[in-house]
Amino acid sequence: MQGLMMDYPLTLRTVLDRANRLFPRRKLSTKIGASMHRYTYADFYDRVSKLANALARLGVQPGDRVATLAWNSYRHLELYFGIPCMGAVCHTLNLRLPPDQLIYIINHAEDKAICVDQSLLPLLEKISDHLKTVETIIVMADAPLQTTLTNAISYEELITGEQADFAWPELDERSAAAMCYTSGTTGNPKGVVYSHRSSYLHAVGACMTDSLGLSQNDIVMPVVPMFHVMAWGIPYAATFLGSEQVFPGPHLQPRDLADLIQNERVSLTAGVPTLWLGLFGLLEQERFDMSSLRVMIVGGSAAPRSMIENYQKKLGLRICHAWGMTETSPLGTVGNLKREVLEMPEDQQYAVRAKQGIPAPGIEVRAVDENGAEVAWDGKTMGELQVRGPWVASSYYNDPRSSASFVDGWFRTGDVVSFDEDGYMQIVDRTKDLVKSGGEWISTVELESVIMGHPGVLEAAVIAVPHAKWQERPLALVVARDKVAPPTKEAIYDHLAPHFAKWQLPDEILFVEAIPKTSVGKFDKKVVREQYKDYTLPE
Ligand code: AMP
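Now for a look at the structure at hand. Keep in mind that this is a model prediction, so the values were computed, not measured.

Moving on, we get to the overall build of the chain. When helices and strands are tallied, the chain shows 18 helices and 26 strands. A globule of 539 residues ought to have a C-alpha radius of gyration of about 24 Å, and the chain, at 23 Å, matches this closely. By principal-axis analysis of the C-alpha atoms, the chain measures approximately 70 × 65 × 50 Å. The buried share of the chain, taken over its 539 residues, is 58%. Counting contacts in the chain only where the partners sit at least 6 residues apart, residues at least 24 apart contribute 67% of the total.

In structure tokens, the structure reads:
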């Protein structure tokens, strides 16, 4: 017997319409230089409609890729909706990628147009000769347009004469809405294509109380870039609910973030740990009013336990640790605490909060050993994480590497994890980052987390270096909080000793000025490994 419910298409148009109809006066605010640009969802809707008309006039067809190269802003949000709701595909480009990767991505996706922030135009001017499919460059400028590109037009001029009303097409929910390339560890980046359906369901999933738990009454500030996994889907979730949104633009220094949270009364924000480590340093020294903030969602790389504990104990701020990937939209697991955990002693609760959380409703997980057998959920046994669900990719875009990653309806993440009896997942490492010492594995993520718990340490990255006897051994690179009076090596070893067996400790600890970061603000282990590939460990 068939169910008798409507086959209602799950598309982003519903999300857009709802915000306009129910929350027209709610504010969207963007930091531009020293001031704030502000308008409402009603203004937003008008401009999204004008944009859709303008794209149609330019000849953008259903399924065409229209790229964005932009910071987090109200215009970027307009593109997030205008492009997919008129039937095209919003392809976010990572502005921190090296030119050769940007060229590869734009040509591989066959972008037809690129919408670029004026400040990022020089990036495009440098590579424009290599772009094979791009017909139009749309420049988002607050001042008159200045460029060497002959195919450039101004975003504002483009939309200005258009109707604030658009005949939105009835879209197939399975059609592509957006695309994003993985930030790439080896080889060329891989394209992930989100459908309307997956984006809609991901937004619903993100809003759930036991997930990221957004509310219509939140003031949401995605600090995670809109070019990194659609800012973790937060702009779609927040728009669906009609939450007010704050966009920091390129202003991501600790003081910018503290000012924005304080002045805009931000209640929910999200970003990678390095951002919040920096912010904590400032908040320790200066007073800001953070009382509006009810939760900070942290993911993208492991949030050190010390950071979670410091924010909570010293500032009364809750960090919610989450895990995800470009391929998973990205919501995978979220660190909300079960009642059983809340009944545990405080120390154990923090141990759970430092894990990456339990699978979000809708996401299925398993951890498997080398033979493909599922490992026990005992909090110890490690396996490769595999996931499946309605917002998990089923293949990469036009990429032969898909066959290695998508097997039997599961996506192989390449993350090594353990699950405890309660279902809390702990990321042990990326498969390729684990230190293989003798027959044993050492988790670089755990070592980093504990080293960063030393009060004198700002950042730490641990890598494997080749070793004649043990095959590989860990080397720790440490950035001291106070470079003039760094902690001693011995102090760091003493701090590590209670948490690790002796053979798991790094063979050497080196103090460095800075740790290289990836285009999305994670420690770039690939670069660090390259820098230390010939390093000889002390006897
Ligand atoms: P990306 O596709 O750039 O978002 O990167 C995804 C990868 O980031 C995952 O495969 C993990 O290795 C890592 N990652 C994401 N969130 C976390 C987290 N909370 N803790 C540790 N690693 C994480």
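Turning our attention to the packing of aromatic side chains. Aromatic rings considered in pairs are described by the distance between their centres and by the relative angle of their planes. Here the structure, examined in full by the defined rule, presents 13 aromatic pairs. Between Tyr41 and Phe44, the ring centres sit 6.0 Å apart and the planes meet at 75°, which makes this aromatic pair edge-to-face. Residue Tyr41 and its partner Phe44 are both found in helix α2 (residues 41–58); the two are separated by three residues, about one turn of the helix. Given the relative accessible area of 1%, Tyr41 is considered buried. Given a relative accessible area of 1%, Phe44 falls into the buried group.

Let's shift gears to the pattern of salt bridges. This model, assessed by the stated rule, comprises 28 salt bridges. The closest approach of N and O atoms between Glu173 and Arg174, which form a salt bridge, is 3.5 Å. On the basis of relative accessible area, Arg174 is assigned to the exposed category, the value being 59%. Note that Asp218 is salt-bridged to Arg294, the shortest N-O span being 2.6 Å. Linking Asp218 in the loop between α7 (196–207) and β10 (219–222) with Arg294 in the loop between α11 (273–285) and β13 (295–298), this pair joins segments that are 76 residues apart in sequence. A relative accessible area of 3% places Asp218 in the buried class. What emerges from the salt-bridge pattern is a single network uniting Arg47, Arg75, Glu78 and Glu156.

Next up on the list: the site of the ligand. Neighbouring the ligand are 17 residues, the closest being Ala322, Thr326, Gln356, Asp415 and Lys522. The contact in question runs from an oxygen atom of the ligand to an N or O atom on the side chain of His228, over 3.1 Å. Asp415 places a side-chain nitrogen or oxygen 2.7 Å from an oxygen atom of the ligand. In isolation the ligand offers 500 Å² of accessible surface; the protein chains occlude 91% of this area. When residues of the shell around the ligand are assigned to their parent elements, the largest contribution, four residues, is made by strand β14 (residues 319–324).

Right, let's get into the packing of helix α1 (residues 12–22) against α2. Running from N to C, α1 and α2 cross one another at 140°; their axes reach a closest spacing of 8 Å. Of the possible angle classes, the one that applies to α1 and α2 is oblique. At the point where α1 passes α2, the crossing takes the left-handed sense. In this structure, α1 contributes Leu16, Asp17, Ala19 and Asn20 to the contact, and α2 contributes Tyr41, Ala42, Phe44, Tyr45 and Val48.

The step from Ser329 to Pro330 runs through a cis peptide bond, and the omega angle for that step is 15°. When you line up the elements, Pro330 lands in the loop between β14 and β15 (331–334). Even without being a glycine, Glu110 presents a positive backbone phi close to 55°. Within the element layout of this structure, Glu110 appears in the loop between α4 (99–109) and β5 (111–117). Residue class for Glu110 comes out partly exposed when judged on its relative accessible area of 42%. With a phi angle near 60°, Arg265 is a residue other than glycine that sits in the positive phi range. In this fold, Arg265 is placed in the loop between α10 (254–264) and β12 (268–271).

Moving on, we get to the sheet that holds β5. Strands sit in the order β7-β6-β5-β3-β4-β8-β9 across an open sheet of seven strands; the sheet is mixed. The sheet is open, and its two edges are formed by β7 (152–154) and β9 (191–195), each paired on a single side. Put simply, the sheet's adjacent strands are angled 25° from each other on average, direction ignored. Contacts from helix α3 (residues 74–85) reach β3 (65–69), β4 (89–92), β5, β6 (136–140) and β8 (176–181) within the one sheet, and its direction differs from that of β4 by about 145°. Against the sheet, α4 touches β3, β4, β5 and β8, its axis set at about 155° to β8.

About the cut-offs
Residues numbered from 1 in each chain as written. Predicted model: local features only at pLDDT ≥ 70, side-chain atom pairs only at ≥ 80, totals over all residues. Heavy atoms only, no water. Helix = DSSP H or I, 4+ residues; strand = E, 2+ residues; numbered from the N terminus. Rg over C-alpha atoms; globule rule 2.2 N^0.38 Å. Buried < 20%, exposed > 50% of the residue type's maximum accessible area, 1.4 Å probe, protein only. Contact = heavy atoms within 4.5 Å. Phe/Tyr/Trp six-rings, centres within 6.5 Å; stacked < 30°, edge-to-face > 60°. Salt bridge = Lys/Arg side-chain N within 4 Å of Asp/Glu carboxyl O. Near = heavy atom within 4 Å. Polar contact = N/O pair within 3.5 Å; in protein donor to acceptor, adjacent residues only side chain to side chain. Areas by Shrake-Rupley, 256 points an atom, 1.4 Å probe, with all protein chains shown as cover. Axes fitted to C-alpha atoms, helices over the stretch in contact; angles between N-to-C directions. Parallel < 35°, antiparallel > 145°, perpendicular 65-115°, else oblique. Left-handed = near helix turned anticlockwise from the far one by under 90°. Pairing = 2+ DSSP bridges.

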